[in-house]
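Breakdown of the fold
The residues making up each chain are set out below.
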Amino acid sequence: MEKAFWTERWKRRDIGFHQPHVHEQLTRFWPTLNLPVASAVFVPLAGKSCDMVWLATQGHRVIGVELSDVAVREFFKDGGQTPEIRSEGPFDLYSAGPFNLYRGDFFETSPDMVRDTVAVYDRAALIALPTDLRERYAKKLASIIPSSAIIFLVALEYPEHEMSGPPFSVPRAEVERLYGDTFDIQVLEARDGLDASGNLRRRGVSALQETAYVLRRR
Ligand SMILES: C[S@@+](CC[C@H](N)C(=O)[O-])C[C@H]1O[C@@H](n2cnc3c(N)ncnc32)[C@H](O)[C@@H]1O
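Residues numbered from 1 in each chain as written. Predicted model: local features only at pLDDT ≥ 70, side-chain atom pairs only at ≥ 80, totals over all residues. Heavy atoms only, no water.

In the annotation of an unreviewed UniProt entry, the entry for the protein chain reads Thiopurine S-methyltransferase, and the organism field reads Hyphomicrobium denitrificans. The UniProt entry for the protein chain carries the following comment under Sequence similarities (unreviewed entry): "Belongs to the class I-like SAM-binding methyltransferase superfamily. TPMT family." (UniProt positions renumbered as here; feature names shortened; annotations may be inferred.)

Written out as structure tokens, the structure is:
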């Protein structure tokens, strides 16, 4: 998937993936993870997700990486914040309060940028990528985060022939294939997600499972 695909979508405001509310499985399961207050959470392929705001209300510092400057600028504008912007290697770093959002390519993220993160929050990041990029993404993510960091992952599964992604169908077997060698994979909840996703129903999807996982390095 070309980078231009995403930057164009943001320019055209074709952002059906953006949820105007905080993801419900995040608010229900995150507190059970007992992560230290004031610790940092890494949000790859962050968009302008409200989930980052919720994570900050839980006391976390939030480090995001996002390709589109439209998304990053709108995130701060929506929150009524004026970020400081400076160049950091291949990224533009937008900072305000608990948020540090790197505008640029996730695949250029260095371990240094995420060195003190205790957790990754992945909603609509892994599933936004086609098979070859998913593999690169999972390898890259595992290689940059601290070995103690957990991954909270929300993935979707649907009959693949019914729709071409993104979002792509990522069943449990695919999560195992991508992360199973290095992480223990726990399903927190697998639930029917079709009613909550009119968008995908309109695109022809007849069954949708939304699964929240927590991945812990062995
Ligand atoms: C499906 S959206 C999900 C956004 C966000 N996680 C959410 O829940 O709303 C995927 C996002 O990843 C961004 N993206 C895609 N490829 C990227 C890359 N290589 N580096 C950084 N961001 C990328 C896109 O611009 C888009 O905002």
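Next, the rest of the story.
**A short note on the environment of Pro166**
Within the element layout of this structure, Pro166 appears in the loop between strand S7 (150-157) and helix H6 (172-179). Look at Pro166 and you get buried, because its relative accessible area is 8%. Sequence spacing of Pro166 and Glu88 is 78 residues, and the spatial spacing of their C-alpha atoms is 29 Å. (Helix = DSSP H or I, 4+ residues; strand = E, 2+ residues; numbered from the N terminus. Buried < 20%, exposed > 50% of the residue type's maximum accessible area, 1.4 Å probe, protein only.)

**A short note on the side chain of Ser49**
Examined against the element boundaries, Ser49 turns out to sit in the loop between strand S1 (40-44) and helix H3 (50-57). Ser49 sits in the buried class, given a relative accessible area of 16%. Those residues in contact with Ser49 that sit more than four places away from it in its chain are His18 and Phe75. (Contact = heavy atoms within 4.5 Å.)

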